[in-house]
Amino acid sequence: MNKHLIAIAVLGASLALTGCAEEPAQQSNQPHLQPIDVASVIIKSVQNWHTYTTRLEAPEEVSLMPRVAGVIEHIAFNEGDEVKQGDLLFKLDARPYAAVVASLEAQVVSAEAALSQAQSEAKRAVRLTERKAISTEQAESRTSTLRQREAQLAALKAQLIAANLDLEFTDIRSPIDGVISRANITKGNNVLAGQSVLTSIVSNQTMYAYFDVDERTWNSSFDEVTAAAHQQVVMQKVGQNGFAHTGYIDFIDNQINAATGTLRVRARFDENTALRAGSFARIKLAANDVTEQVIVPDRAIGTDLKNRFVLTVGEGNILEYKLVTTGERYGSFRAITSGLKAGDVIAVNGPARVGPGMPISPNTVTLDTTGVAFTLSPTAQHTLMAKK
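Remember, predicted model here, so these are calculated numbers, not experimental data.

What the protein contains, in helices and strands, is five helices and 21 strands. In the protein, which comprises 388 residues, the proportion classed as buried is 35%. On the protein, roughly 22,900 Å² of surface is accessible, and the fraction owed to carbon and sulfur atoms is 50%.

Written as structure tokens, this is what we have:
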């Protein structure tokens, strides 16, 4: 009897253990669905971009040299300051030039007196000649003296003008608006006319950026662009994340460089004192054609050997492999030229944690394109509508 009870107890315990073991096994057969951020692709009007590197140049740059020789008496600017055209920068010792001016002024007074006397004698000679009181030779001599005195006075007046200019040039003033560098020659030093470089000044209200566009690109994307059209460009300086500076094309060279197969183009950036001549810059120029393309986050695109692909959400929330062709990048987004269409739902973060054929638990998010420039100008959309 006891043996039967023991057998029944053992059997009951075995059944209980078997039931407990089967329950987690059944649970483990249930697939674990990983939550993944998904979003519908965006359709945007976009332009293709072309990027060029260059260095900024100032439209006006002056290596300041004195027009007269002398000793620097005073420096009237703070190094690195902005200066205006006509501002006094250096003052030379003016006393030698003032003495020359005073001497010439006295000589002019003397010449004027001599001219006045010669005029009187010439008039008297005319009256005496009419009365036959003097010979014709004497009258002509007085007339010749008058002409000499007039010429002498004119020459002295010209010398006086030149001397006054030299005196004026002892005040060395800024020929342009801009930012001044340091003083290369300091107070008390002698400088030579047209040889000594006192300092340099570069204009800072406008900057130029020259870059070369290859002939094929120009003909395919910009053939109808003219300097008068002021085609817009954007620029990025070293150390900046975005293209914060906006300018326009104001010069296109008149011929293709046969040696390089490129066309020289200049972009102009106005009223921007934050730009400095010599700065390295990247210029982005948008093609004229505006098209509608599928836009996805750049991180959603995976690489498989030589192919680019995107994971889309298919029936039953199962990820599918879609081969795509990528286009231009716009901030953190990328244009897809083929492989996706409007209405497709993609895995936003790409194949980082998932792969094709994997079921997921979709977490729908909205792609935020605020602040992302897909076209260069706000009129691009109007251009697209006009073409339609």
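There is more to say after this.
Below, the discussion takes up the side chain of Gln293. Mapped onto the secondary structure, Gln293 falls in strand 15 (residues 280–297). A polar atom in the side chain of Gln293 sits 3.4 Å from the side chain of Thr291. For Gln293, the residues in contact, after removing those within four places along its chain, are Ile42, Ile43, Lys44, Val46, Ala335, Ile336 and Thr337.

Helix 3 (residues 136–168) packs onto helix 2 (residues 95–130) with a crossing angle of 160 degrees between their chain directions and a minimal axis gap of 8 Å. Here helix 2 lies roughly antiparallel to helix 3, going by the angle between them. In this structure, helix 2 meets helix 3 at a crossing whose hand is left-handed. Partitioning the contact of helix 2 with helix 3 into residue classes produces 20 nonpolar, six polar and nine charged.

As for its placement among the helices and strands, Phe251 is situated in strand 13 (residues 245–252). The class of Phe251 is partly exposed, set by a relative accessible area of 28%. Once the C-alpha coordinates of Phe251 and Tyr208 are considered, the two residues, 43 residues apart in sequence, prove to be 9.9 Å apart. Setting aside residues no more than four positions away along its own chain, Phe251 makes contact with Tyr210, Ala227, Arg264, Val265 and Arg266.

Under the 1.5 Å per step criterion, the end-to-end length of helix 2 is 53 Å for 36 residues, consistent within 8% with the ideal 52 Å. Count one or two residues on from helix 2 and you reach Lys132, which has phi positive near 60 degrees.

Below, the discussion takes up the sheet that holds strand 10 (residues 199–202). As summarised here, the arrangement of the four strands in space is 3-10-8-5, forming an open sheet in which the pairing is antiparallel. Either end of the sheet is taken by a strand with one partner, and the two such strands are strand 3 (61–64) and strand 5 (82–83).

What follows covers the pairing of strand 17 (residues 307–313). Taking burial as the measure, the seven residues of strand 17 include five buried ones, the bulk of the element. By the bridge criterion, six bridges tie strand 17 to strand 18 (residues 319–330) in an arrangement that is antiparallel. Within the sheet, the bridge partner assigned to Thr312 lies in strand 18 and is Glu320. The hairpin turn running from strand 17 into strand 18, its antiparallel successor, is five residues long, and Gly316 in that turn takes a positive phi close to 75 degrees.

Take the pairing of strand 19 (residues 333–338) next. As paired strands, strand 18 and strand 19 are joined by four bridges and run antiparallel to one another. Counted as the bridge partner of Thr325 is Ser338 from strand 19. The hairpin formed by strand 18 and strand 19 contains two residues between the paired strands, and Gly331 there has a positive phi angle of roughly 65 degrees.

Not every positive phi belongs to a glycine, and Leu305 is a case in point at roughly 55 degrees. With respect to the helices and strands, Leu305 occurs in the loop between strand 16 (301–304) and strand 17. Residue class for Leu305 comes out exposed when judged on its relative accessible area of 80%. If you check the backbone angles, Asn317 has positive phi at about 55 degrees while not being a glycine. Within the secondary structure layout, Asn317 lies in the loop between strand 17 and strand 18.

So, on to the layout of surface pockets. Empty space among the atoms can be located by rolling a probe the size of a water molecule over them. In this structure, the largest pocket occupies an estimated 340 Å³ of space. Around the largest pocket, the lining is made up of 16 residues, and of these Gly242, Phe243, Lys284, Gly331 and Ala373 lie nearest the centre. At the level of secondary structure, the elements contributing two or more residues to the lining of the largest pocket comprise strand 12 (232–237), strand 15 and strand 18. Split by residue class, the lining of the largest pocket holds seven nonpolar, six polar and three charged.

Bringing the packing of aromatic side chains into the picture now. Under the counting rule described, the total for this entry stands at six aromatic pairs. Plain terms: the ring middles of Phe77 and Phe90 are 5.3 Å apart, the flat faces sit at 70 degrees to each other, and that makes the pair edge-to-face. With Phe77 in the loop between strand 4 (70–75) and strand 5 and Phe90 in strand 6 (residues 88–92), this pair connects stretches of sequence that are 13 residues apart. The burial state of Phe77 is the same as that of Phe90; both residues are buried. Here the aromatic rings of Tyr208 and Tyr210 are separated by 6.2 Å at their centres, their planes lie at 80 degrees, and the arrangement is edge-to-face. Classification of Tyr208 as buried rests on a relative accessible area of 13%. Residue classification places Tyr210 among the partly exposed residues on the basis of a relative accessible area of 21%. Stacked on the ring of Tyr208, the Lys or Arg Arg266 has its end atom at 3.9 Å from the ring centre.

Reading guide: rules and limits
Residues numbered from 1 in each chain as written. Predicted model: local features only at pLDDT ≥ 70, side-chain atom pairs only at ≥ 80, totals over all residues. Heavy atoms only, no water. Helix = DSSP H or I, 4+ residues; strand = E, 2+ residues; numbered from the N terminus. Buried < 20%, exposed > 50% of the residue type's maximum accessible area, 1.4 Å probe, protein only. Areas by Shrake-Rupley, 256 points an atom, 1.4 Å probe, with all protein chains shown as cover. Polar contact = N/O pair within 3.5 Å; in protein donor to acceptor, adjacent residues only side chain to side chain. Contact = heavy atoms within 4.5 Å. Axes fitted to C-alpha atoms, helices over the stretch in contact; angles between N-to-C directions. Parallel < 35°, antiparallel > 145°, perpendicular 65-115°, else oblique. Left-handed = near helix turned anticlockwise from the far one by under 90°. Nonpolar A, V, L, I, M, F, W, Y, C, P; charged D, E, K, R; others polar. Expected span 1.5 Å × (residues − 1). Pairing = 2+ DSSP bridges. 1 Å grid on protein atoms, 1.4 Å probe; cavity = no way out; pocket = protein on both sides within 12 Å on 5 of 7 lines; lining within 4 Å. Points joined across faces, edges and corners; volume = space filled by probe spheres on them. Phe/Tyr/Trp six-rings, centres within 6.5 Å; stacked < 30°, edge-to-face > 60°. Lys NZ or Arg CZ within 6 Å of the ring centre and 35° of its normal.

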